[in-house]
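Each chain, letter by letter, is given below.
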Amino acid sequence: MNAREVKEKARALGADLAGIADAETVRRHPAPGCLHGPGDILPGAQSIVVVARRLLSGMSREVDPRNRNVHYAGEMILSAVEALTYELGRFLEDHGHPSLMLPSAYSRSHQLDVAAKTLSLPHLAVEAGLGTLGLNLQLLTPEFGPRVVLGAVLTRAPLDVDSIREHALCAGEACGRCLLACPGDAVGQWALDVERCRPHSSPYGYHFLERHLERMLAPSEPKSRFEVMRHTDTLMIWQSMLRGVGIYSGCTRCYDVCPVGADYEAHLRDVQQEIAEATDEKRERLAGMHGTGAASLRDHARWIGIAAQ
């Protein structure tokens, strides 16, 4: 079994993109904040197969990030990538190579707890030759920009690896459309404030459940507590727990407006060219970034590419 056969199998299982990274290289070049290497997750790991499946273009033609239909579609794609990586792991093990899948995620960086035994999928995707990181540290691909869901399989199979891209796909501060569109003002200079992003990208996640429980327990009268419990928020939490909708899938405005990717010109420019969320304050903040040396740019330089540096 060789790398070509593995990538062909990944595509046969539904991957739109597939690449392979070297586990030792990932260990030597950890993503900032990631405390573990591939060998800590799968002892003896030699290769990492990284896959991407595109989001539906119809998701990015919706300009309201609260649309539950968009959240539902995103969750279905996440589930499909999880199934894909499981079957790919089985394929590798059928050929005698113990393997382990990582949790699938959108192409944003550090949406998982990096202190846990996990790896940054966007950084792995860059190591596997799928693209480069953007201004908000999301993965950008030539085919679909950031509009992909990522998955990965660690394996003990020794496979030929793909080359990392040298040239940046992101224009950085010269573009800044992701910053202008972000409803949480979470996009920085080659940085993403996860705490500002999370209420939008994961609107019904654990943080929302905590706040809702606080509201339920605050009234002293049982009747008042029951009224809070009957609120629509409880229904939304129940639906999200049932299907995951709004927990791992939510706002994608930074994806929607990004001009990188062949799909943007084909399907999105006509509805996303104007950014309703753009304000004079955001434009001033973006203009102030030009010519400044961001520490995050230096920290992530390997994965951003040459032009942006």
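This section reports on the structure supplied with the text. Residue numbering note: each chain is counted from 1, following its sequence as written. Only residues with pLDDT of 70 or above have their local features reported here, since the model is predicted, and side-chain atom pairs are shown and tallied only from 80 upward, although totals for entire chains, interfaces and linings are computed over all residues. Computation of side-chain values: all heavy atoms of the structure, hydrogens and water removed.

## Topic: the overall build of the protein chain
Alright, step 1. The secondary structure content of the protein chain amounts to 16 helices and 9 strands.
Alright, step 2. In terms of its C-alpha atoms, the protein chain occupies a principal-axis envelope of roughly 65 × 45 × 35 Å.
Alright, step 3. Within the protein chain, the fraction of its 309 residues that count as buried is 51%.
Alright, step 4. We call two residues contacting when some pair of their heavy atoms lies within 4.5 Å. Long-range contacts, defined as pairs at least 24 residues apart, comprise 79% of the intrachain contacts of the protein chain with a sequence gap of at least 6. Strands are runs of DSSP state E lasting at least 2 residues, helices are runs of H or I lasting at least 4, and numbering of each runs from the N terminus. The classification of residues rests on relative accessible area computed with a 1.4 Å probe and restricted to protein chains. Under 20% of the type maximum is buried, over 50% is exposed, and intermediate values are partly exposed.

## What about the nonpolar core?
Alright, step 1. The term nonpolar core refers to a set of buried residues drawn from Ala, Val, Leu, Ile, Met, Phe, Trp, Tyr and Cys, joined through side-chain atoms within 4.5 Å. I48, V50, V51, L88, L102 and L124 are the most contacted members of the largest nonpolar core, which has 76 residues in total.
Alright, step 2. Considering each element in turn, this core owes the most residues, 9 residues, to helix α5 (residues 68–94).
Alright, step 3. The contact partners of V51, leaving out residues within four places of it in the chain, are A10, A15, L17, A18, V81, L84, T85, L88, V149, L150 and G151.

## Re the pairing of strand β7 (residues 148–155)
Alright, step 1. Burial within β7 is extensive, with 8 of its 8 residues counted as buried.
Alright, step 2. The two faces of β7 match: V148, L150, A152 and L154 on one face and V149, G151, V153 and T155 on the other face are all buried.
Alright, step 3. Judged from the 8 bridges that link them, strand β2 (residues 47–54) and β7 form a sheet pairing that is antiparallel. Its bridge partner lying in β7, R53 is registered against V149. DSSP-based pairing: two strands are paired if at least 2 bridges between them are found.

## Focus: the pattern of salt bridges
Alright, step 1. When a carboxyl oxygen of Asp or Glu is within 4 Å of a side-chain nitrogen of Lys or Arg, the pair counts as a salt bridge. Counted according to the given criterion, the structure contains 17 salt bridges.
Alright, step 2. The salt bridge partner of R269 is E265, with a shortest N-O separation of 2.9 Å. Here R269 pairs with E265, and both are found in helix α13 (residues 262–272), just 4 residues apart, close to one helical turn.
Alright, step 3. D280 is paired through a salt bridge with R283; the nearest N and O atoms lie 3.5 Å apart. Here the residue D280 and the residue R283 both occupy positions in helix α14 (residues 280–287), the gap between them amounting to 3 residues, near one helical turn.
Alright, step 4. Given the relative accessible area of 57%, D280 is considered exposed.
Alright, step 5. By sharing partners, the salt bridges in this structure join E24, R27 and R28 into a single network.

Honestly, that's just the spatial picture; any functional story needs more than this.
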